[in-house]
Amino acid sequence: MIRWQILPAIVAALASLTPVGSAQSPPAQPLIAIRAGWLADVVSGQILQNQTIIVRGERIEGVQPASAKIPAGARVIDLSRFTVTPGLIDCHTHLAGDLQSADVLQPLKRSGAQDVMLGALHARQTLEAGFTTVRDVGTYRAFVDIALRDAINDGIVVGPRMAVAGAYITVSTGGGEVTGMARDVVLPADMRAGVANSPDEVRQRVREILNAGADLIKIIVTGAVLTNGTNPGVAEFNEEEIRAAVEEANKYGVKVAAHAHGAEGIKKAVRAGVASIEHGSLIDDEGIRMMKEHGTYLVADIFNGDYIDSVGKKTGWDAEIMRKNEETTDAQREGFRKAVAAGVPMAFGTDAGVYPHGQNARQLPYMVRFGMTPMGALQAATISAAKLIGWDDRIGSISPGKYADLIAVEGGGLGDLSRFSRVSFVMKSGVVVKGP
Ligand SMILES: [Zn+2]
C-alpha cells in the first residue's frame, strides 16, 4: 500500500531530473519591424522609399512596403526620417595595437595582450561608427587578431564581424617587418611569424597562419610607406613566391590580399592570382587593364594620405615616411580615378589604425570626389566588400536570410556621403548597438 502512496513523489522526482525546457518549444526569437523612410538597395543600385524591414532574431526575414501589415507582436523601430543601408564593411583595417605615431619603435612597447585589449576598444569604436564587418589585414604581433575575432564572436567583446589575416607574409627586413632599430636587435618570434624568403618558406608560413585560424592571407608584395628603409616602388616578392601563397591559400579555400604600391609589384600579384590589391598607389594603365581582366579588387585607402600629411607634420613623423606619403598620395588618387573609369572591381578599405578607428567613413566622400557615384561608393562598402571577403551569402545587402546588419543616417537618399560619418543607428545581427 505504501508503494502506491509514494508513487507520485517518485514521478515528481524523475520529472525534476529531466533537463529544463527539453519538453518545451524553443523561446520565440525577437521580432522587429524597422520603418525606413529610405532604403538603399545596393543589389539593384536603387533608393526605395517607405519600406519596412522585418527582422527575426539575428536575420532579415523580409522587406515590404510601409503600407503592408506588420506581423503581430513585432517591436517597431521608427526610422522614417532616415536612410537605412546595409552595415558598412571596411576591407582594410588594423584593429589590434596602437595607432600609428611618430615613434617607429612603438610596436615594441606593448605586449600582445596589451595589443588585443586596445583592439577591443577599437572594435567598439568601429562598430559604433556603422562598420558591422571588417577585413582586418594584419598585425605585428601574430594572431592577436584571431583572439579578438573569437572574443567578438563569443560575445565577450563588442565589435564588428572580423575576417582576419593573422600576420603579414613579408620578406625579411621588408614592408611587413618592424623596422627602424639597430641591426643587432633581435625581434620577438611573434613579430616575425610571416617572414619568408622563398616559395617553400611562403607555403610553410601560409600553412602555419591558416592552421592558427586566420580567414585570409595578407602578403606584402612591395615596400611600404610606413616601414623605414623599404621602398613602395620595389617588388620585394617575385611572382613565383606570390603564386606559392595563392596556391597554398586556395587549398584551404582562402583568398590572398596583396599589399602593393609599385606598378611592377601590382602586376606580379595580379598574374599570381591574388584577390585584391591593397593601396595600389603607383598603378599604371597596364595594371588597371589586368585587374579588370582578372576581376582583381582594388582596395585603395585614398583618404589616408591627407591624414598622414596633417598629423605627421604636426607631430613630427619620420621624414622618410612623410616623403613616401607625398610620393604616393596624389598618384594613388589619380590611379583610383582611372581604375573606377575602367570598371575595376572596387572594395572599400581605409587602413584605419594608421588614423583613428571610427573615422572609417571619412573616405566615402573622397571616393565620390575621385570618380565614383554615391551609390557606387556605398556598394564598394557593402555588397562588393562582402563579395571580396567571400561572405556575400550572409552580409552586404538588405536581403531576406542575411544577418540583420543595418545602419541609418539622417535625411533622404545618399546625397552627400559625409553624413555617413554621423551614423544615427547601428544594428548588428538584429541587436541595436546604437539608437537614434
Ligand atoms: Zn594596412
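Rules of the game
- Residues numbered from 1 in each chain as written.
- Predicted model: local features only at pLDDT ≥ 70, side-chain atom pairs only at ≥ 80, totals over all residues.
- Heavy atoms only, no water.
- Helix = DSSP H or I, 4+ residues; strand = E, 2+ residues; numbered from the N terminus.
- Contact = heavy atoms within 4.5 Å.
- Polar contact = N/O pair within 3.5 Å; in protein donor to acceptor, adjacent residues only side chain to side chain.
- Pairing = 2+ DSSP bridges.
- Axes fitted to C-alpha atoms, helices over the stretch in contact; angles between N-to-C directions.
- Buried < 20%, exposed > 50% of the residue type's maximum accessible area, 1.4 Å probe, protein only.
- Right-handed = clockwise from strand over helix to strand, strands pointing away.
- Core = buried A, V, L, I, M, F, W, Y, C linked by side-chain atoms within 4.5 Å.
- Arc of directions from axis to C-beta.
- Donors = N, O, S within 2.8 Å, 3.2 Å for Na, K, Ca; no water.

1. Considering the environment of Thr-93
Here comes step 1: Assignment of secondary structure puts Thr-93 in strand β5 (residues 88-93).
Here comes step 2: Thr-93 sits 137 residues away from Thr-230 along the chain, and the two C-alpha atoms are 21 Å apart.
Here comes step 3: Those residues within four positions of Thr-93 in sequence are excluded, and the remaining contacts are Val-134, Arg-135, Asp-136, Val-137, Ala-352 and Asn-360.
Here comes step 4: Separated by 2.6 Å, the side chains of Thr-93 and Asp-136 make a polar contact.

2. Some thoughts on the sheet that holds strand β1 (residues 31-41)
Here comes step 1: In space, the seven strands of this open sheet follow the order β3-β2-β1-β4-β12-β13-β14, with mixed pairing throughout. The sheet terminates laterally at β3 (59-65) and β14 (431-434), the two strands that pair on one side only. Averaged over all adjacent pairs, the angle separating strand axes in this sheet is 35 degrees, with direction ignored.
Here comes step 2: Here strand β4 (residues 75-86) pairs with strand β12 (residues 406-410) via five bridges, running antiparallel. What sits directly across from Thr-85, in β12, is Ile-407.

3. Considerations on the pairing of β5
Here comes step 1: Summarising burial for β5: six of the six residues are buried, a large majority.
Here comes step 2: When β5 meets strand β6 (residues 131-136), the two strands line up parallel, connected through four bridges. When the sheet's bridge partners are listed, Thr-93 is paired in β6 with Asp-136.
Here comes step 3: In this fold, β5 hands off to helix α2 (residues 112-128), which returns the chain to β6; that crossover is right-handed.

4. Things to note about the nonpolar core
One recurring pattern in soluble globular proteins: nonpolar side chains tend to sit buried together.
Here comes step 1: Grouped together as the largest cluster of nonpolar side chains are 92 residues, with contacts concentrated most on Ile-277, Phe-336 and Phe-420.
Here comes step 2: Every residue in contact with Phe-420, bar those within four places of it in the chain, is listed here: Thr-85, Leu-88, Ala-129, Ala-361, Leu-364, Leu-378, Ile-407, Val-409 and Leu-414.

5. Here's the deal with helix α7 (residues 285-294)
Here comes step 1: Of the positions making up α7, those classed as buried are Gly-287, Ile-288, Met-290 and Met-291. Viewed end-on, α7 has its buried residues packed into an arc of 165 degrees, placing them on one side of the element. In this structure, α7 carries Arg-289 and Glu-293 as exposed residues pointing more than 90 degrees from its buried face.
Here comes step 2: On the buried face of α7, the contacting elements are α6 (263-272), β10 (276-279), β11 (297-299) and α9 (319-342).
Here comes step 3: Just downstream of α7, Gly-295 is the residue with a positive phi angle, here 70 degrees.

6. Some details on the coordination of the zinc ion
Here comes step 1: Surrounding the zinc ion are the protein donor atoms His-92 (NE2), His-94 (NE2) and Asp-351 (OD), which sit 2.1 to 2.3 Å from the metal.
Here comes step 2: Mapped onto the sequence, the donors of the zinc ion take the spacing H-x1-H-x256-D. Of the two residues, His-94 is situated in the loop between β5 and α2 and Asp-351 in the loop between α9 and α10 (363-369); the sequence distance between them amounts to 257 residues. In terms of burial, His-94 and Asp-351 fall into one category: buried.

7. Digging into the environment of Ile-89
Here comes step 1: Tracing the chain through its elements places Ile-89 in strand β5.
Here comes step 2: Among the residues examined, Ile-89 registers a relative accessible area of 1% and is labelled buried.
Here comes step 3: Remark: the alpha-carbon pair of Ile-89 and Val-55, spanning 34 residues in sequence, is separated by 20 Å.
Here comes step 4: Setting aside anything within four residues of it in sequence, one finds Ile-89 in contact with Phe-131, Thr-133, Phe-348, Ala-381, Thr-382, Ala-385, Ala-386, Ile-389, Ile-395 and Gly-396.

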